[in-house]
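# Structural overview for review
The lines below spell out each chain.
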Number of protein chains: 4
Amino acid sequence: MSDVKKVVLAYSGGLDTSVILKWLVETYGCEVVTFTADLGQGEELEPARAKAQAMGVKEIYIDDLREEFVRDFVFPMFRANTIYEGEYLLGTSIARPLIAKRLVEIANATGADAVSHGATGKGNDQVRFELGAYALKPGVKVIAPWREWDLTSRETLLAYADKHNIPVDRYGKKSPYSMDANLLHISYEGQVLENPWAEAEEDMWRWTVSPETAPDVPTYIELTYRCGDIVAIDGVEMSPATVLATLNQIGGANGIGRLDLVENRYVGMKSRGCYETPGGTIMLKAHRAIESICLDREVAHLKDELMPRYASMIYNGYWWSPERKMMQTMIDASQAPVNGVVRLKLYKGNVIVAGRKSEDSLFDSTIATFEDDGGAYNQKDAEGFIKLNALRMRIAANKGRV
Amino acid sequence: MSDVKKVVLAYSGGLDTSVILKWLVETYGCEVVTFTADLGQGEELEPARAKAQAMGVKEIYIDDLREEFVRDFVFPMFRANTIYEGEYLLGTSIARPLIAKRLVEIANATGADAVSHGATGKGNDQVRFELGAYALKPGVKVIAPWREWDLTSRETLLAYADKHNIPVDRYGKKSPYSMDANLLHISYEGQVLENPWAEAEEDMWRWTVSPETAPDVPTYIELTYRCGDIVAIDGVEMSPATVLATLNQIGGANGIGRLDLVENRYVGMKSRGCYETPGGTIMLKAHRAIESICLDREVAHLKDELMPRYASMIYNGYWWSPERKMMQTMIDASQAPVNGVVRLKLYKGNVIVAGRKSEDSLFDSTIATFEDDGGAYNQKDAEGFIKLNALRMRIAANKGRV
Amino acid sequence: MSDVKKVVLAYSGGLDTSVILKWLVETYGCEVVTFTADLGQGEELEPARAKAQAMGVKEIYIDDLREEFVRDFVFPMFRANTIYEGEYLLGTSIARPLIAKRLVEIANATGADAVSHGATGKGNDQVRFELGAYALKPGVKVIAPWREWDLTSRETLLAYADKHNIPVDRYGKKSPYSMDANLLHISYEGQVLENPWAEAEEDMWRWTVSPETAPDVPTYIELTYRCGDIVAIDGVEMSPATVLATLNQIGGANGIGRLDLVENRYVGMKSRGCYETPGGTIMLKAHRAIESICLDREVAHLKDELMPRYASMIYNGYWWSPERKMMQTMIDASQAPVNGVVRLKLYKGNVIVAGRKSEDSLFDSTIATFEDDGGAYNQKDAEGFIKLNALRMRIAANKGRV
Amino acid sequence: MSDVKKVVLAYSGGLDTSVILKWLVETYGCEVVTFTADLGQGEELEPARAKAQAMGVKEIYIDDLREEFVRDFVFPMFRANTIYEGEYLLGTSIARPLIAKRLVEIANATGADAVSHGATGKGNDQVRFELGAYALKPGVKVIAPWREWDLTSRETLLAYADKHNIPVDRYGKKSPYSMDANLLHISYEGQVLENPWAEAEEDMWRWTVSPETAPDVPTYIELTYRCGDIVAIDGVEMSPATVLATLNQIGGANGIGRLDLVENRYVGMKSRGCYETPGGTIMLKAHRAIESICLDREVAHLKDELMPRYASMIYNGYWWSPERKMMQTMIDASQAPVNGVVRLKLYKGNVIVAGRKSEDSLFDSTIATFEDDGGAYNQKDAEGFIKLNALRMRIAANKGRV
């Protein structure tokens, strides 16, 4: 174990990663560099700096990654209408590759030979952190304390903290759930959720009001798209992170974006999670709406068929893999004509498309109309179209196939 | 044209198909057999009989196909969580192959050599009717009057009706939309909907109340699944058609199942449609929930990847094709363990999963737990799992790939 | 029919297109522009010019498209290891979009409002020509004489030729087969081939010697790849068309590239075809070989899974569609690291990989070796890898699933 | 380690598994049951019995699994035209799940709590054995000595053998390659093959003559298919294993079935392998030929698109997974009409289709013909078919899309 000289730790400032910080020093006798990221999780970062300093850390990195997160990770993912297992908007999954990237960048900048994180050995996040780290810095050493140490219960963890004078806030309001938050979502696992028959408790949810308590009048918004990304809300241009933060606020106020799911983890077991993704829920619906008028049918279908695969790549931690990058090339290429405006009605948990328009629309009312189209479309063509499409089945039926 | 002796007409009793009935006799000098089906569209069928009789039809078929429709078409389709273009529940598409089948059966029973329908030359329905007919009776002659005649406006149609003494209800309350209804849904096209930027008018919707006017208290229901199909609601066993009718009633009362969509037709143009699918919307959500605990991960993912293809087959009219039947074999095989109960909360347009349980559940809380699992899962295994999954990317990175 | 003023005809100079030329003038009273392309079919083009002049054509286009054909069509297609229905190398299919493109370019240059071709109404080529033409010039009028006229037998065609003084070479050596040739392949259909049980006659084949008569000693060649394309043979850099012509010569001399196939046409029927694709057969094998060391596993597998779809797009005539172009983006992106040399042994119909090497190889003998690898790979990692991959199946088996 | 009481060892009788046998007893103090299978590898099994007895084994299983192997594993796999990475016929992969199944059956019969095998920690076979074992007996303990012990070189292995009086045949003719054989194939890895640029040595190959030394006259054979499986050769009905053994003999004599490949292992590295699969090479070609006339186009295409996924399942060891079984349902369902006869010409490495016929053929020469078809197909239908298929591209082009 003596071969680790310096390790970059993804450090939140909370109990777990504080214990890890100390444990790394004790166990590996190595120097620790802390890295704390603002991904929009809504927590102050300066306390993390103070704690790290108090524990003797000399190299402390605190980065505001919100714009990079939304611009280079969230938005590209939404271009594919990505959902995992039909429901999950991948809020946690999509943040991990960015953290992995920064861990590696900081390791390279500080001459560290290892990285460390606070993810457990049962979850997906360890995989996402580590696949990213290995892909970007193949010789890096990864230290995953939860897979190594014997501090397997909260009691032993607290005892370790006490023994090493790590300050613990025993009386603060602490959620009983295991949570993760960033600009895209907040997630909950554990406790009563471990019973899939049990309904989530109302006071668990933090970002959204319930549909019941949401306003009794709908909110209308207009989202402007350029190359598949939202660039303005109600006509006001704003940055990617501001777009998402704004949609979170509007969506949350209207009871939008709650999800209660049993999902399949990459490590092989099913787990129950609850998610709040107000802005993301709006974005998925709106993106499909603008694509519905701007995308060619076969392009859209091909995207739909490949989406589950793309979603699994992200869920499983393969953001930095060559196959994800290759597929992104195709997804991005499809978005050039995805420009225009979507009008949405938000009401008590519902995201309702109220209109879509685009200079690049392929919707042609002169052809689709039930009225006389002045010869734009020759109905007689349909007969040949059907006859030839039926031919192989007619031949088979003639030969007695059923 | 004299080669048609007897034609089976899909007859609704409305103006269009009444004119067609007359036009067939006039144009082809053939005998007409009418076929009117109760698919749950919510209209009396006896008036159709009376009208057909009045027009001199001797062979009149009026069938209640509701159970067959739900049991053999709707339920099998929902086993795949089928949605077209991410949104559409295929309410119209799934009814057409049953009508095609009955047209052919009646043609065989009555010795007819042709079938006819009232679908226009611009839509998908002509394709669905005719592909089905050709697949089941390859030598059949199909007559699609809308592609042949010159009655291209409502005025010429009414004039034709008047000239031939076809009774027209000019003063009844008639929706201005082009509509289609069956137990799964009701659809609207045309009029203001031809502008994708225009919001649908509230008084267009017929089956659902708006979320705004839905009850202020949620409704909870429990759906019991057996082999992927719902067999009971709130513990009361009921037939497939009764299940769907009941869910329509409950869903409609809670403002559930409205959809406003621009979709890509098989014949090549985009069209705007609005749909009400209250029961289907509930079924999709519930089926995913029961599958989430009962299905293996890779089985579920494979289903998800193939679903868009399967949806297109149905949308495009290939229900009776060998590829749809082949794929159905696989979908059905996956559903043996899909048994259990889903508890739903319905509230103002929202379908919220409140619980799922199953004797066949693969959810194992002793493994997924954040608590000590007593050795059910060895966290150290994760290291090797990650290392080998990362290997190809590490080798590539070592060789300088980025 | 009087609305056609000028038509660009894909003109070979043979009987069929000469009759079409005359028929267009007679039937449409329009001016005809002829377009004759050298795609490497191995025929003199000047006779076509003379014949067109003799028939009074004023605008005659004769283009050498060989380099464009191989560089922009054949090579991109081979980057995907494209084969239709497991066997067919798409020799005819890939030439049609280039001809469609030139027809449209010439129509635009000459102010023509229509294009015409000599493909029959039963085949794929009409679809390929016309889909290309419509995609590139949506308002173009397409004239397909074989679908319009009543010259349905060779006799009536000859009679028409005689009547209009079109010179017919009745005594020249004419193959009884329907053939198509370009730099990629030559194809044969019709005659005895219409019986799938009948073996093709030896004297049908034109480009290859039989394996039996090929040399008794093997030929070794080395192909150099850059970004997935062959840029040199045996170290000699050469242009794309020269690469393919050279491989055709070498392959043909070694009895390589014959194929006898029953394939499924896009228009719905099965047809029997025989193909000689000597260079293409070598290229497919070699490209897979260079990719085998240069491509990431998941990239390669994704390409393999999408290839049949991509092949169908080309076979069906959708080269100019947005979905083909989108997919090409991804395929091309994958080829950046596909550089190196493949050594092949060619012998009596066999293409045998004798070696492959690359600066971009991901093959790492220190890891794959059966010998001691000095710690490059930790065999113990495999246990965790297997355990977690097995977890979902173990949980299921524990619950009694079989 | 003392928790293992009895272990079933996949035992070949060779040095490696003899050392493992002894090592298991020494290390675990457990009883060992040996299992030796005849999968057609062409070795005597009785010496294995004698050796096991000599080493004190009391429960010895020696099974002839050849028919089960071909009937339940090889044939089902060939129904899908399965090839991994475009080339590999999965000869090793398909045998492992059968061995895993028997190991588990014997463990259940003998009350063993563990199974063991001689596969290394770098290869695919460990994964295939163990995934199978875990899927069929989830609580089984797997012992993989190569991942545990320190006998990492041949020298230490021989020393261990000497020390424990395990007889070693030091002077017998031993191939320097790592080999695996069964009725479907024989494989070679290691030695000079670790350099992908080096050509395989001629004297490595064991089952096939070289194309050069194969007979100068071709061999014709006829294969009869029933539901996708070969049931007779040249009209003589024979069992599955006899079919494959016969084709191996005929193919090997004609220089058929050699393959030299760099493939991607599931554990993450590339490896070079050479394979001889004479019968399998013939079967793949023949099966595609019979399918070409019997299968519907869309069924065939769907099979082709899913095949790479199915191949990966088998290659990676997921034969006993629910997703493979689900997919098999679909593959098998497609084979009902795959009946008939394929005639092949075998000549110096070439497998050439010389004819195919079937009562279930969908080939209809009256439609496909270039001659007058008497109205079986209306060429005019093609116009509408093309026009509607082009519609979306025309609309896009009209809007200026390129």
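Residues numbered from 1 in each chain as written. Chains lettered and ligands numbered in written order. Predicted model: local features only at pLDDT ≥ 70, side-chain atom pairs only at ≥ 80, totals over all residues. Heavy atoms only, no water.

### Quick notes on the UniProt feature "binding site: L-aspartate" (unreviewed entry) in chain A
Applied cut-off: UniProt positions are given in the numbering used here, feature names are shortened, and annotations may be inferred rather than shown by experiment. Every helix listed is a DSSP run of H or I at least four residues long, and every strand listed is a run of E at least two residues long, numbered separately from the N terminus. Accessibility here uses a 1.4 Å probe with only protein chains present; expressed as a share of the type maximum, an area under 20% marks a residue as buried, one over 50% as exposed, and anything in between as partly exposed. Whether two residues are in contact is decided by their heavy atoms: any pair within 4.5 Å suffices. Here a polar contact is taken to be a pair of N or O atoms separated by no more than 3.5 Å, where protein atoms must pair a possible hydrogen donor with a possible acceptor and residues adjacent in sequence count only if both atoms sit in side chains.
Per the UniProt record, "binding site: L-aspartate" (unreviewed entry) is annotated on T120(A), N124(A) and D125(A). Relative to the helices and strands, T120(A) is located in the loop between β4 (114-116) and α5 (125-136). Residue T120(A) is classed as partly exposed on the basis of its relative accessible area of 25%. Apart from residues lying up to four places away in sequence, T120(A) is in contact with Q126(A), W146(A) and Q379(B). In this structure the side chain of T120(A) is engaged in a polar contact, spanning 3.2 Å, whose partner is the backbone nitrogen of K122(A). As for its position among the elements, N124(A) is in the loop between β4 and α5. Apart from the residues lying within four places of it in its own chain, the contact partners of N124(A) are E263(A), R265(A), Y266(A), V267(A) and Y315(A). At a separation of 2.8 Å, a polar atom in the side chain of N124(A) contacts the main-chain amide nitrogen of Y266(A).

### Some points on the side chain of K303(D)
Residue and element names in this part refer to chain D. Locating K303 in the fold gives a position in helix α10 (residues 297-316). Side-chain polar atoms of K303 contact the backbone oxygen of R79, separated by 2.6 Å. The contacts of K303, once residues within four sequence positions are left out, are R79, A80, N81, H287, E291, L295, S334 and Q335.

### A short note on the UniProt feature "domain: Arginosuccinate synthase-like N-terminal" (unreviewed entry) in chain A
The feature "domain: Arginosuccinate synthase-like N-terminal" (unreviewed entry), as given by UniProt, occupies residues 6-167 of chain A in the numbering adopted here. Across residues 6-167 of chain A, the secondary structure splits into 48% helix and 15% strand, with the terminal C-alpha atoms separated by 24 Å.

### A closer look at the packing of aromatic side chains
Rules: Any two of the Phe, Tyr and Trp rings considered here, Trp counted by its six-membered ring, make a pair once their centres fall within 6.5 Å; the pair's planes then place it as stacked at under 30 degrees, edge-to-face at over 60, or tilted in between.
Summed over the entire model, instances satisfying the criterion amount to 50 aromatic pairs over all chains. For the pair Y188(C) and W205(C), a centre-to-centre distance of 6.0 Å together with 75 degrees between the ring planes defines the contact as edge-to-face. Separated by 17 residues along the polypeptide, Y188(C) in strand β7 (residues 186-189) and W205(C) in the loop between β7 and β8 (219-226) bring together distant segments of the chain. W205(C) shares its class with Y188(C); the two are buried. A centroid spacing of 5.5 Å and a plane angle of 90 degrees characterise the contact between W23(D) and W149(D), whose relative ring orientation is edge-to-face.

### Let's talk about the interface of chain D and chain C
You'll often see interface size given as the accessible area lost when the parts meet. Put simply, the rule is: A simple way to read buried area is as the amount of 1.4 Å-probe accessible surface that goes missing from two parts once joined, with both sides added. By definition here, a salt bridge exists when the distance from a side-chain nitrogen of Lys or Arg to a carboxyl oxygen of Asp or Glu is within 4 Å. Only Asp, Glu, Lys and Arg are considered charged in this grouping, and only Ala, Val, Leu, Ile, Met, Phe, Trp, Tyr, Cys and Pro are considered nonpolar; every other residue, Gly among them, is considered polar.
With 103 residues of chain D at the interface, the matching set in chain C holds 103 residues. Summed over both partners, the interface of chain D with chain C comes to about 9,200 Å²; 55% of that surface belongs to carbon and sulfur atoms. The interface formed by chain D and chain C holds 12 salt bridges in total. One salt bridge in this structure joins E199(D) and R343(C), with 3.6 Å as the shortest N-O distance. The interface formed by chain D and chain C holds 46 residue pairs in polar contact (both at pLDDT 80 or more) in total. No other element matches the 12 residues that helix α13 (residues 381-398) of chain D contributes to the side of chain D that touches chain C. Across the side of chain D that touches chain C, the residue classes tally to 43 nonpolar, 23 polar and 37 charged.

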